[in-house]
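Residues per chain, in single letters:
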Amino acid sequence: MTREVTLPLIVDDRGTLQVAAADVSKLLRTVGGRWLRLVETGEESLDEDTVAALTIELAKLADRIDVACIAHSSGQSS
């Protein structure tokens, strides 16, 4: 099953982007990494399979953001 995710971007009244896509993709990867560390250290009662699946999906979303930004900056449309 393929689901499209639309992320609203925060822009000011002049249309200037207020949140950098690189920051968003870094945040997604950081959250996934922290969840994995919590599972590894046993600090939380989290289901390992669920955390792994969610972490993979966050990384995929971060990859899609990065690819879209690369395409946009190189003048290509995806």
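Computed from a prediction, not measured in an experiment: that's the story for all the values here.

S.K.: Which parts of the structure should I look at to understand the overall build of the protein?
M.R.: Regarding its fold elements, the protein presents 2 helices and 0 strands. Put simply, 48% of the contacts in the protein that link residues at least 6 apart link residues at least 24 apart. Per element, the accessible surface of the protein, about 6,400 Å² overall, is 56% carbon and sulfur.

S.K.: Sorry, what's going on with the nonpolar core here?
M.R.: A general feature of soluble globular proteins is that nonpolar side chains tend to end up buried together. Formed by L28, L58, L61, A62 and I65, the largest nonpolar core amounts to 5 residues. Tallying contributions element by element places helix α2 (residues 48-73) first for this core, with 4 residues.

S.K.: Before we go on, may I ask you to explain helix α1 (residues 21-41) in this structure?
M.R.: Within an α-helix, residues lying three or four positions from one another point in the same direction, as the helix has 3.6 residues per turn. Compared with an ideal rise of 1.5 Å per residue, which puts 21 residues at 30 Å, α1 spans 30 Å between its outermost C-alpha atoms and is within 8% of the ideal. Structurally, α1 contributes buried residues whose contacts are with α2. Following α1 by one or two positions, G42 adopts a phi angle in the positive range, close to 70°.

S.K.: Is there a simple way to explain the environment of V24 in this structure?
M.R.: Mapped onto the fold, V24 is located in helix α1. Since its relative accessible area comes to 24%, V24 is described here as partly exposed. Placed 41 residues apart in sequence, V24 and I65 show a C-alpha to C-alpha distance of 8.3 Å.

S.K.: In this structure, what is going on with the pattern of salt bridges? I would like to understand it.
M.R.: Two side chains bearing opposite charge may form a pair once their charged atoms approach each other closely. Under the counting rule described, the total for this entry stands at 3 salt bridges. In this structure, the salt-bridge partner of R29 is D66, at a minimum N-O distance of 2.7 Å. A residue pair is termed long-range when its members are at least 10 positions apart, and R29 in helix α1 and D66 in helix α2 qualify at 37 residues. Residue classification places D66 among the partly exposed residues on the basis of a relative accessible area of 27%. Residue E57 pairs with K60 through a salt bridge whose shortest N-O separation is 3.3 Å. Taken together, the positions of E57 and K60, both in helix α2 and 3 residues apart, correspond to about one turn of that helix. The partly exposed category is assigned to E57, whose relative accessible area is 45%. Several salt bridges share partner residues, and in doing so they unite R29, D63 and D66 into one network.

S.K.: When you look at a negative patch on the surface in this model, what are you seeing that I'm missing?
M.R.: Residues E40, D47, E48 and D49 make up a contiguous surface patch of negative charge. Mapping E40 onto the fold places it in helix α1. Relative accessible area serves as the criterion here: at 66%, E40 is assigned to the exposed category.

What counts, and where the lines are drawn
Residues numbered from 1 in each chain as written. Predicted model: local features only at pLDDT ≥ 70, side-chain atom pairs only at ≥ 80, totals over all residues. Heavy atoms only, no water. Helix = DSSP H or I, 4+ residues; strand = E, 2+ residues; numbered from the N terminus. Contact = heavy atoms within 4.5 Å. Areas by Shrake-Rupley, 256 points an atom, 1.4 Å probe, with all protein chains shown as cover. Core = buried A, V, L, I, M, F, W, Y, C linked by side-chain atoms within 4.5 Å. Buried < 20%, exposed > 50% of the residue type's maximum accessible area, 1.4 Å probe, protein only. Expected span 1.5 Å × (residues − 1). Salt bridge = Lys/Arg side-chain N within 4 Å of Asp/Glu carboxyl O. Patch = residues over 30% accessible without salt bridge, like charges linked within 9 Å, V, L, I, M, F, W, Y side chains within 5 Å. Lys, Arg positive; Asp, Glu negative; His and termini not counted. Charge placed at Lys NZ, Arg CZ, Asp CG, Glu CD.

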